[in-house]
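So the chains spell out like this:
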Amino acid sequence: MSRAPAKDHASRERSAKDLPPDGFDDQDGFREDGFQAGGFQEGGFREDASEEEAEDHAQADDAPEIDFDFEEGAVKAGTEVIRRFWTTLPTSPGVYRMFDEKGDVLYVGKAKNLKARVGSYARGQAHSNRIARMISQTAAMEFVTTATETEALLLEANLIKQLKPRFNVLMRDDKSFPYILVTADSEAPQIIKHRGARRRKGSYYGPFASVWAVNRTVNALQRAFLLRTCTDSYYENRTRPCLLYQIKRCSGPCTGEIDLDDYRGLADSAKSFLAGKSNAVKDRMREEMQDASEKMEFERAARFRDRIAALSAIQGTQGVNTQGVEEADVFAIDEQAGQFCIEVFFFRNFQNWGNRAYFPKADRTMTPDEVLASFIGQFYDDKPAPRSVLVSHAIEDAELLAAALSSRTDYRVEIHQPQRGERKNLVEYAQRNAKEALGRRLADTASQGKLLAALGQSFGLAGAPRRIEVYDNSHIMGTNAVGGMIVAGPTGFAKQHYRTFNIKSEELTPGDDYGMMREVLQRRFKRLVKENPRTAREAAIAASEGGAQEPVPEAAPESDTLPVWPDLVLIDGGKGQLDAARTALEEIGISDVALVGIAKGRDRDAGRETFFVPGRPPFKLPPRDPTLYFVQRLRDEAHRFAIGSHRAKRKREMVRNPLDEIAGIGPSRKRALLHHFGTVKAIQRAAFEDLAKTPGVNAATARAVYDFFHTQG
């Protein structure tokens, strides 16, 4: 791996004046026109040249001349940087990264031949304005060589997800998918929802497109197979059946209401159903129901009837039924107005397990097949691919991508664009969904833009705000106090930017809402000044605190990137809260951020809010004004987020274990002590000798536990 600015390579590479002005050093095999003498010739490409070099040459020949007026001389400067790195590159596969002068990653790419690929950027032509902008901002590069091109592809996808380079296609929604897990590490298997790494022993079924789909399926499987969903500790400590047994949602293995062998048979039936053998499972249940009916055991027959109905309910909500597609993910992309939508459908065991729409961030000059190829590589970076991946557009290097996905599984993955039959129908169905989802998003964005413009006009802003921050506090008599910040912009709520502030000041009087608001805003904007100063004065303050040395430029107004600094700050509160917020910002030296206080109406009725803006008398908006409803949505979302954060903190405090306060007691030792003694009170009463006999607890830890409880009195 190597990375350094161009000037750092002066000691081991020749300077720019030693290179021809429009090409590479001919001693390294390149002529003055920038093409390699060993590959390119007058009028065409040599027969023995590599396919990748031929592809690069064809792209360069077809590329239009670009007007680089957007940054005079910057493209040449970036080209010189790339040339200097190029001279020492190997011809092996690998991954390259481009950095700007601040060290931020601009682009991550993979190459079958690093020297040929990087060399393609330093010719006199660019493929598009996007590539030209990228070259103009390049100040350094970094390289990682790999054994194969497949490894390079996997590493590229991983780095793109981690670094989020500006010029790559980026997934905007990267939440992990939920699975259904039937455990195999206890005497009575448990059926639960699962996210994340598959560390627990058991059978995993998924992915499901939404948590709602998983919860619905688990609930139905509980009714059909009477499997437990409780935790192991709850199961081991039951002395009588719980409510789920009484309402026929569990068979009660915890207290011996069912023989464990019979219970495992139920678990095996559930796994067979999830594995696609639904008809066989239902046939067995019908036989049991008929047998019970013939024996006049009508209550038992009714239970089987209800279980069959639960299974039918699962199959009846599939939406799209398949007969010949056992396991596949379907990807369809649609492009409108320079934006992309990718709809993903999941089919497992001949069942449709839902779909999800993605809106990747990509340059509008990119083609749908380019966006789709990059998206699929990132999509499967942290999850296994199914045996079949169906796509709406032909993907370049589909075989390479399939080989990369296959290397992470014990079966072969195929990427295919179907041309006929049921598979093509599924892709077309996904394509329609992608088109409709993107149309709805564009309509919502247009409506959001109108609301933002009206909001800016109502509050006297120079234009429509691009970033709105709303603040609210939540506490009970000053306890577990938290402050919440929500963010909204042209695309709606930006939940990845939400923040929670635990009130830390010990000088505040419990319940002092004004003091809490001052603390929250000061912490928020001090950090903004430190990390993203806008002026030389703010940069000086930031530098004195170890932050940025120079002002950080904001994103361009036409960019779809959310600004770092808010254009409008809404405070859930009246004049007092607004004055506290204004005082907090003035103490930091910030006076150009618009502040608005929202006071609830009489009897706290929605629609009668009074707005407080510095320098203006209080005012109300018309009762049926869409802007008023928009502000109410913002205020209510901040209220919901703050209350939710407070409740979560209060819940953690309520279940906090005294053992957590003892230094040296981690999860493993705490578990060992609780398993040995049963309760915290028993641990508190235990003698030192008894504590020392606990498996996994040494004498020093036993002494720390004993001293803690006896010092506490």
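Residues numbered from 1 in each chain as written. Predicted model: local features only at pLDDT ≥ 70, side-chain atom pairs only at ≥ 80, totals over all residues. Heavy atoms only, no water.

### Re the side chain of Glu 538
Keep this limit in mind: Put simply, DSSP marks the helices as runs of H or I at least four residues long and the strands as runs of E at least two long, and each gets a number from the N terminus on. Contacts are residue-level and defined by heavy atoms, with any inter-residue pair within 4.5 Å sufficient.
On the secondary structure map, Glu 538 appears in helix H16 (residues 536-544). Those residues in contact with Glu 538 that lie beyond four places of it in its chain are Val 529, Pro 533, Trp 565 and Ile 590.

### Some remarks on the side chain of Thr 701
Note the following rule: Between buried and exposed lies partly exposed: a residue is buried under 20% and exposed over 50% of the maximum accessible area for its type, with that area taken using a 1.4 Å probe on protein chains only. In protein, a polar contact means a hydrogen-donor-capable atom and an acceptor-capable atom, both N or O and within 3.5 Å, with residues adjacent in sequence counting only if both atoms are side-chain atoms; elsewhere, any N or O pair within 3.5 Å suffices.
Here Thr 701 shows up in helix H22 (residues 699-712). For Thr 701, a relative accessible area of 7% puts it in the buried group. Separated by 3.1 Å, the side chains of Thr 701 and Arg 669 make a polar contact. With residues up to four places along the chain from it excluded, the contact list for Thr 701 reads Ile 665 and Arg 669.

### A closer look at the packing of helix H15 (residues 513-531) against helix H17 (residues 575-588)
Quick reminder of the rule: Whenever a helix is involved, its axis is fitted only over the stretch in contact; in every case the axis is a line through C-alpha atoms, and angles between N-to-C directions fall within 0 to 180 degrees. Left-handed describes a crossing whose near helix is turned anticlockwise from the far helix through less than a right angle; right-handed describes the clockwise counterpart. Each residue gets one label: Ala, Val, Leu, Ile, Met, Phe, Trp, Tyr, Cys and Pro are nonpolar, Asp, Glu, Lys and Arg are charged, and the others, such as Gly, are polar.
Relative to each other, H15 and H17 sit at 35°, their axes nearing to 8 Å. Relative to H17, the crossing made by H15 is right-handed. Contacts between H15 and H17 involve Asp 513, Tyr 514, Met 517, Arg 518, Leu 521, Gln 522, Phe 525, Lys 526 and Val 529 from the first element and Gly 576, Gln 577, Ala 580, Ala 581, Ala 584, Leu 585, Glu 587 and Ile 588 from the second. Looking at the contact of H15 with H17 residue by residue, the classes come out as 10 nonpolar, three polar and four charged.

### What to know about the sheet that holds strand S11 (residues 339-348)
Rules: When DSSP finds at least two bridges between two strands, those strands are taken to pair.
The strand order across the open sheet formed by five strands is S12-S11-S10-S13-S14, and the pairing between neighbours is mixed. Strands with a single pairing partner mark the edges of an open sheet, and in this sheet they are strand S12 (351-358) and strand S14 (414-416). Recorded for the sheet is a direction-independent mean angle of 15° between the axes of neighbouring strands. When strand S10 (residues 327-336) meets strand S13 (residues 388-391), the two strands line up parallel, connected through three bridges.

### Topic: the nonpolar core
Selection criterion: The nonpolar core is taken to be a set of buried Ala, Val, Leu, Ile, Met, Phe, Trp, Tyr and Cys residues, with the residues joined through side-chain atoms within 4.5 Å.
With 65 residues, the main nonpolar core has Ile 180, Phe 225, Phe 331 and Phe 379 as its most contacted residues. Counting residues in hydrophobic clusters, the runner-up holds 27 residues, among them Phe 501, Val 520, Leu 521 and Phe 525.

### Some thoughts on the packing of aromatic side chains
For the record, the criterion: Only centres within 6.5 Å qualify two rings of Phe, Tyr or Trp (six-membered ring in Trp) as a pair; their planes then separate them into stacked at under 30 degrees, edge-to-face at over 60, and tilted for everything else.
Counted according to the given criterion, the structure contains 20 aromatic pairs. Centre to centre, the rings of Phe 525 and Trp 565 are 6.0 Å apart; their planes meet at 55°, and the pair counts as tilted. Residue Phe 525 is located in helix H15, and its partner Trp 565 is located in the loop between H16 and strand S19 (568-572); the two are separated by 40 residues in the primary sequence. Per residue, the accessibility class of Phe 525 equals that of Trp 565, and both read buried.

### What about helix H9 (residues 260-274)?
Every α-helix carries 3.6 residues per turn, so stepping three or four residues along brings you back to the same face. Counted only if it meets this: The span expected for a helix works out to 1.5 Å for each residue beyond the first. To obtain the arc, one takes the directions from the helix axis to the C-beta atoms.
The end-to-end C-alpha distance of H9 is 21 Å, a good match for the 21 Å that 15 residues give at a rise of 1.5 Å each. Regarding H9, the residues found buried are Tyr 263, Leu 266, Ala 267, Ser 269, Ala 270, Phe 273 and Leu 274. One side of H9 carries all its buried residues, which in axial view fall inside an arc of 155°. Capping the start of H9 is the job of one residue whose side-chain oxygen sits 3.0 Å from the backbone nitrogen of Asp 261: Asp 259.

### A short note on the confidence of the model for the chain
For clarity, the threshold we go by: pLDDT runs from 0 to 100 and stands for how confident the predictor is about each residue.
Mean pLDDT for the chain: 80, with 84% of residues reaching 70 or above. For the stretch residues 1-70, pLDDT sits under 50, and the model shows 125 contacts to residues farther than four places along the chain or on other chains.

### As for helix H5 (residues 149-163)
With 15 residues, H5 ought to run about 21 Å at 1.5 Å a step, and its terminal C-alpha atoms sit 21 Å apart, in line with that. Where H5 is buried, its residues meet strand S4 (94-99), strand S5 (105-111), helix H12 (368-379) and helix H13 (398-406). A positive phi of about 50° marks Lys 164, the residue just after H5.

### As for the pattern of salt bridges
How we decide: A pair is scored as a salt bridge if a Lys or Arg side-chain nitrogen falls within 4 Å of a carboxyl oxygen belonging to Asp or Glu.
Per the counting criterion, the structure on display carries 31 salt bridges. Among the ionic pairs, Lys 424 bridges to Glu 428, the shortest N-O distance being 3.5 Å. In this pair, Lys 424 and Glu 428 both sit in helix H14 (residues 421-458), four residues apart, roughly one turn of the helix. With relative accessibility at 34%, the residue Glu 428 sits in the partly exposed group. For Glu 609, the salt bridge identified is with Arg 635, shortest N-O distance 3.0 Å. You can see Glu 609 sitting in the loop between strand S20 (594-599) and strand S21 (610-612) and its partner Arg 635 sitting in helix H18 (residues 626-654), a full 26 residues away along the chain. As far as burial versus exposure is concerned, Glu 609 and Arg 635 are alike and both buried. Each of Asp 185, Arg 200, Arg 228 and Asp 232 takes part in salt bridges that share partners, so that together they form one network.

### A word on unusual backbone geometry
A positive phi angle is found at Ala 337, which is not glycine, with a value near 55°. Among the secondary structure elements, Ala 337 is positioned in the loop between S10 and S11. One non-glycine residue, Met 477, lies in positive phi territory at about 55°. Take Met 477: it is sitting in the loop between strand S15 (468-476) and strand S16 (479-489). Judged by its relative accessible area of 73%, Met 477 falls in the exposed class.

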